[in-house]
Amino acid sequence: MTQKQPLQKLVIIVGPTSSGKSELAVKVAKKIGGAVLSSDSRQVYRGMDIGTGKITGKFDVRGRYMYKGIRHYGIDIASPTRQYSVAQFQKYGRKAIADIAKQGLVPIICGGTAQWIDAVVYEQEFPKVRPNAVLRKKLERLSTAEMFATLQKLDPDRAADIDRYNPHRLIRALEIVMTSGKPVPRLKQTSPYDCKWLGINPPAEVLQKKISQRLKQRLRQGMLKEVALLHKKGLSWKRLEQFGLEYRFCALHLQSKLATDEMTKELFEQLFRAHIQYTKRQMTWWKRNKNIQWSLE
RNA sequence: GGUGCGAUGGCGAAAUGGUAACGCGGUGGUCUGCAAAACCUCUAUGCGCGGGUUCGAUUCCCGCUCGCACCU
């Protein structure tokens, strides 16, 4: 019984922040005839532009986000006042892929949020249990040891390989088990697509220089003002801090939780370091994906 | 010149007569609806230098060097 429908082709471009993914995506799209699905957990939000290094495209009259003549999906699709999750992106992404394919174009997934890419590209059906703020608040009061003990009782299999000191993971696992009454289902690692993985990973010195330049540019472009504006529009400092990187450190500065003298210099140094750390975490994820064809630029 | 205090890993910083907490940084890693998040591993054969006491000293004693403070 062979299904012999050819799999949908996909080009996936990954790499650490500032490595030059976005421009490569446009280049590839022009060459092979494609459209881009941005997979970035911060660029989905409207009003978060400078701090995310968002491409400077525009919506056309038909509501399509265009950049350098190429349509981009996944940009400005959510309000920062609300939480946009992997599961939502998964649904959105698959629809986008189908939509692009229908136009006879090749979908090009491009972004720095590895988990989000995997979610749309692999057959990972997340349990249909929505985040439950009330339950979470209750669980948050427990220590990780207590949460882990509870999970061991309710779902020993999940407990066996979970990060036992990680409250985020424990809370979600308990949330799934407690509301569905079933154990956390295993996720598949197979893909319904024909994936072509491309990775950019410039040498450390080159990447550092790029990060540093980008950061300085963002400061000049009014990154602090952008964050201040978001706060004025109703985003709490806590929420901004949770976004991480520019939003986190700018928020801290604007609250003057950090030294005010030589503020810009300090902000730059902290952000630079945070970005380097971030690129390492990103690479840790992709290192184990043996399908990626790496290049230096 | 005198007196007092201090001197611990890349940085900050504890404790102790029995062989060096912790935080940052660095390193490697994890990844099931917060993922730019959250979490884990490893990271000083060594406690300014030289002597002494002791079974044993980073810890006590003496001297020296350097730093800080005060005094003449």
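Now for a look at the structure at hand. (Residues numbered from 1 in each chain as written. Chains lettered and ligands numbered in written order. Predicted model: local features only at pLDDT ≥ 70, side-chain atom pairs only at ≥ 80, totals over all residues.)

### Some details on the overall build of chain A
Of the regular secondary structure elements, chain A holds 12 helices and 8 strands. Its C-alpha atoms give chain A a radius of gyration of 21 Å, within 12% of the compact-globule value 19 Å for 297 residues. Residues counted as buried form 32% of the 297 residues belonging to chain A. In chain A, the share of contacts with a sequence separation of at least 24, taken over all contacts with a separation of at least 6, comes to 73%. (Helix = DSSP H or I, 4+ residues; strand = E, 2+ residues; numbered from the N terminus. Rg over C-alpha atoms; globule rule 2.2 N^0.38 Å. Buried ≥ 20, exposed ≤ 12 C-beta atoms within 10 Å, placed from the backbone. Contact = placed C-beta atoms within 7 Å.)

### Some words on unusual backbone geometry
Residue Ser18 is not a glycine yet carries a positive backbone phi of 75°. Within the secondary structure, Ser18 is located in the loop between β1 (8-14) and α1 (21-32). Taking the C-beta count within 10 Å as the criterion, Ser18 has 23 such neighbours and is therefore assigned buried. Here the phi dihedral of Asp76 falls at roughly 55°; this positive angle occurs in a residue that is not glycine. Relative to the helices and strands, Asp76 is located in the loop between β5 (70-73) and α2 (86-102). For Asp76, a count of 18 C-beta atoms within 10 Å puts it in the partly exposed group.

### Quick word on the nonpolar core
Ile12, Ile13, Ala25, Ala29, Val36, Ile108 and Ile109 are the most contacted members of the largest nonpolar core, which totals 28 residues. Those elements that place two or more of their residues in this core are β1, α1, β2 (34-38), β5, α2, β6 (106-110) and α3 (114-121). Once residues lying within four places of it in the same chain are set aside, the contact partners of Val36 are Ala25, Ala29, Ile70, His72, Tyr73, Ile108 and Cys110. (Core = buried A, V, L, I, M, F, W, Y, C linked by C-beta atoms within 7 Å.)

### Looking at helix α12 (residues 263-287)
Its 25 residues give α12 an end-to-end C-alpha distance of 36 Å, which sits within 8% of 36 Å, the value for a rise of 1.5 Å per residue. The set of residues buried in α12 consists of Leu267, Leu271, His275 and Thr279. Among the structural elements, α8 (204-221) and α11 (245-254) are those in contact with the buried residues of α12. (Expected span 1.5 Å × (residues − 1).)

### Remarks on the protein's contact with RNA strand B
Surrounding RNA strand B, one finds 46 residues, the nearest of these being Ser41, Thr52, Ala87, Gly244 and Leu245. Looking at the surface near RNA strand B, the elements that each hand over two or more residues are α2, α7 (167-180), α10 (237-243), α11 and α12. Broken down by element, the surface near RNA strand B gets its largest block of residues, 9 residues, from α12. (Near = placed C-beta within 6 Å.)

### Things to note about the sheet that holds β2
The sheet built from 8 strands is open, its strands ordered β3-β4-β5-β2-β6-β1-β7-β8 with mixed pairing. The open sheet has two edge strands with one neighbour each: β3 (58-59) and β8 (293-295). Contacts between α1 and the sheet are confined to β1, β2, β4 (65-67), β5, β6 and β7 (193-200), with β6 contributing the most and set at about 175° to the helix. Each of β1, β6 and β7 touches α3; the most contacted strand, β1, lies at about 175° to it. (Pairing = 2+ DSSP bridges. Axes fitted to C-alpha atoms, helices over the stretch in contact; angles between N-to-C directions.)

### Re the pairing of β2
Judged by how many residues are buried, β2 sits mostly within the fold: 5 of 5 residues are covered. By the alternation rule, side chains of β2 split into Gly34, Val36 and Ser38 and Ala35 and Leu37, which are all buried. As paired strands, β2 and β6 are joined by 5 bridges and run parallel to one another. Its bridge partner lying in β6, Ser38 is registered against Cys110. Here 2 bridges tie β2 to β5, and the two strands are oriented parallel to one another. Looking at the pairing, Val36 lines up with His72 of β5.

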